[in-house]
Amino acid sequence: MTQVQDPPASEQPAAPAARPRHLTVLDNLYARRLRGRTVMAVLAIGVLLYLVGGPLFILTTSTLQKNEFGLPLSAGSHWTLDNLRTVFGSSETYHVMVTTLIFALGALAVAFVVALAFSWLIERTNIPCRNLLFVLVVAPSGMPLLITSISWSLLLNPTNGVINQFLHIVLGIKFSAYSLPGMILVQAFGMVPLTFLLITGSLRSMNGVLEDAADASGANRMTIIRKITIPLLTPALLGALIYEFVNSVENVDVPLVLGLPGHITVLSTTIFNNTHPATGLPDYGLSSTYGLLLLVLALGPLIAYDRAVGSHGKYATVTGRIHRPKRIDLGRWRIPLFAGALSYIFVAFLLPLLILIWASIQPFYSGVNKAAFHKITLSEWKNIWHTGSVGMAVKNTIMLGVVVSVGTMFLSVLIGWIIVRARSRFIWILDLLAFMPHAIPGVVIGLSVLLLYLLLPLPIYGTIWIIVIAQSTLYVSLGTRLMGAAIAQTQVVLEEAAAASGAPMRRIWLRVIIPLIRPSFFNGCLLVFMASMQNLTLPLMLSSPGNVVLSSLIWDRWNYGLPTQAAVLSVVMTAITVTIAALLRGGSGRTDPV
């Protein structure tokens, strides 16, 4: 029998060298972080697919479905191209498109001229009370566009509008708010505050050495503005232009309040009218087709923007050392320009607010005249609170604003952190999903969410939660952009040091990440809260007796011919918006540019 002997020790294979302990710790740390990121990435993609992918799928499917007596994809529906033939084969469609473009581009032109003028005066000149002007220009953002539209309907009503009464006495003319120029003017007033904020930040941070060099070379002021300042502001101007263009084409506040009485129809009201007809059943197929048309109209400028700003280097003026240009001495124009700025603020903000207060203390609105002063009463302020729908609307409105702002920003923090920190070649999918809602008009999101939850067997339709989901979908793109920038400014070594010390991911988030981004988080909550409170499109598209909010209730009161009640609710909503916005702003601890 053969005996098996062990080989000599010198011939035995050497045992693998023990891995240094610190490298083992790093391997475990990396594996743990990778697993955590994978789980969060899968969760974020799943949530975004649910919020964005589902509604878009339903919208596209509904366009190719026909069912005169029910919902798309339900019993009796069939595949067809009839909706596309009806929409693109009608001359009315192209008339509505032209009207929509005139409305949006006209409002953009007015808003940009005013916003750019205010930005230049405040940031580049020695105009008096610059900080006060800054606050007053931004202040109208506390008044929702629906309320602004109602105010201007009272001011420019052809029958008893205050401004028309004055114009008729002095000049013998009248200007109707229920016209396309009236719609453009009111929409522009509502766009100026945000447009101003989007432009003035870039103008403030821009290096002024080129402007001073041109000034030293003898160039006049208009040449410097035209050849240097505006070209260097191209990314900010185009970015603001695209954002406000999308807001204009999807806006339903001004077209409903001022357009319907004047028989002026745009794409957003066409979609709304097809889903909420005065008689008969909704035509979801036609609404979806118009929705896709509106989506294409919004996507075109976004693609043009990406191409125009594709070369980032040629617009770079912010360096390690910022040279602030010397302020321009306005000379004898200093006081007249200041008076002109105050006059605009009075007309655009104070006058609409004052007319709302005046209308709220009248038994019925009949303009401003001697007889009206003898009819002042607070009865409507007392009686309106006895209506059950008002209390429910106030409760729903506050809950909607808080839940949407906080929930959207927490989701945006998660998505922004993954996009910034992850090193996967597939992360662009998450970035694309997060960007998509920016390109989808709100009225399209409202329509697609409406169809989705009419089809799904979930008890959400008719509750406030369907509006929460729709608004979260609409604003997740804004929140992701804000939080992605904030997270990119924080050094990753702080998170790695906490992980190396044995802190779990939950503690890293609570003790490191969230405290560092807290100011930007609260600023994002403020922006989303303001946008959510002021949004009329989604509450109207998804309205039902159980989920009424202040914006939809104000519209109902106004639409039913109750201007005094609408004025009272408008003043209440403006006060709530400004108060909660101030509280959210104070919670940020310090102000950060957004």
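What you see is a predicted model, and the numbers here were worked out from it, not measured in a lab. (Residues numbered from 1 in each chain as written. Predicted model: local features only at pLDDT ≥ 70, side-chain atom pairs only at ≥ 80, totals over all residues. Heavy atoms only, no water.)

A few words on the side chain of threonine 397. Positionally, threonine 397 belongs in helix H17 (residues 388–421). Of the polar contacts made by the side chain of threonine 397, one reaches the backbone oxygen of alanine 393; its length is 2.6 Å. When near neighbours in sequence (up to four residues on either side) are disregarded, threonine 397 contacts Met533, Val549 and Leu550. (Helix = DSSP H or I, 4+ residues; strand = E, 2+ residues; numbered from the N terminus. Polar contact = N/O pair within 3.5 Å; in protein donor to acceptor, adjacent residues only side chain to side chain. Contact = heavy atoms within 4.5 Å.)

Time to look at helix H21 (residues 492–500). Taken together, the buried positions of H21 are occupied by Glu495, Ala498 and Ala499. Along the axis of H21, the buried positions cluster into a sector of 100°, meaning they face one direction only. Glycine 502 sits one or two residues past H21 and shows a positive phi near 95°. (Buried < 20%, exposed > 50% of the residue type's maximum accessible area, 1.4 Å probe, protein only. Arc of directions from axis to C-beta.)

Quick look at the confidence of the model for the protein chain now. Where the model shows low pLDDT, its predicted coordinates should not be examined in detail. A residue-level look at the protein chain finds 84% of positions with pLDDT of 70 or above and a mean pLDDT of 79. For the stretch residues 310–321, pLDDT sits under 50, and the model shows 12 contacts to residues farther than four places along the chain or on other chains. For the stretch residues 588–594, pLDDT sits under 50, and the model shows 12 contacts to residues farther than four places along the chain or on other chains. (pLDDT = per-residue confidence, 0-100.)

For the rest of this paragraph, the subject is helix H22 (residues 505–534). Spanning 30 residues, H22 covers only 37 Å between terminal C-alpha atoms, well under the ideal 44 Å at 1.5 Å per step. At arginine 518, H22 is bent by approximately 65°, the largest bend along its length, and proline proline 519 sits one to four residues beyond. (Expected span 1.5 Å × (residues − 1). Bend = angle between axes of the 7 residues up to and from the residue.)

Moving on to the packing of aromatic side chains. Taken as a whole and judged by the stated rule, the model has eight aromatic pairs. Chaining the aromatic ring pairs together yields one cluster made of Phe118, Trp152, Phe189 and Tyr344. (Phe/Tyr/Trp six-rings, centres within 6.5 Å; stacked < 30°, edge-to-face > 60°.)

A separate point is a nonpolar patch on the surface. Nonpolar side chains collect at one region of the surface, where Ile398, Val402, Val406, Phe410, Leu510 and Ile514 lie side by side and expose about 460 Å² of accessible area between them. Secondary-structure elements contributing two or more residues to the nonpolar patch are H17 and H22. The element best represented in the nonpolar patch is H17, accounting for four residues. Here isoleucine 514 falls in the partly exposed class, since its relative accessible area comes to 31%. (Patch = residues over 30% accessible without salt bridge, like charges linked within 9 Å, V, L, I, M, F, W, Y side chains within 5 Å. Areas by Shrake-Rupley, 256 points an atom, 1.4 Å probe, with all protein chains shown as cover. Salt bridge = Lys/Arg side-chain N within 4 Å of Asp/Glu carboxyl O.)

Bringing the environment of leucine 542 into the picture now. If you trace the backbone, leucine 542 turns up in the loop between helix H23 (537–541) and helix H24 (550–559). By relative accessible area, leucine 542 is classed as buried at 0%. Spatially, the C-alpha atom of leucine 542 lies 9.0 Å from that of alanine 470, the residues being 72 residues apart in sequence. In contact with leucine 542, not counting residues within four places along its chain, are Gly446, Val449, Leu450, Ile466, Ile467, Ala470 and Asn547.

Next up on the list: the packing of helix H3 (residues 91–124) against helix H4 (residues 130–138). For the pair H3 and H4, the least separation of the axes is 9 Å and the interaxial angle reads 155°. Classified by the interaxial angle, the pair formed by H3 and H4 is roughly antiparallel. Two packed elements cross with a definite hand, and for H3 against H4 that hand is left-handed. When H3 is examined against H4, the residues Phe118, Leu121 and Ile122 are found in contact with a partner set consisting of Arg130, Leu133, Phe134 and Val137. For the contact of H3 with H4, the per-class residue count stands at six nonpolar, no polar and one charged. (Axes fitted to C-alpha atoms, helices over the stretch in contact; angles between N-to-C directions. Parallel < 35°, antiparallel > 145°, perpendicular 65-115°, else oblique. Left-handed = near helix turned anticlockwise from the far one by under 90°. Nonpolar A, V, L, I, M, F, W, Y, C, P; charged D, E, K, R; others polar.)

This next bit is on the environment of valine 390. Its location among the elements puts valine 390 in helix H17. By relative accessible area, which is 0% here, valine 390 ends up buried. In sequence terms valine 390 and leucine 569 are 179 residues apart; their C-alpha atoms lie 8.5 Å from each other. If we skip the residues at most four places from it in the chain, valine 390 touches Ile384, Trp385, Leu553, Arg557 and Leu569.

Within the secondary structure layout, isoleucine 418 lies in helix H17. Look at isoleucine 418 and you get buried, because its relative accessible area is 2%. Dropping the residues within four chain positions of it, isoleucine 418 is found in contact with Met40, Ala41, Ala44, Ile427 and Leu430.

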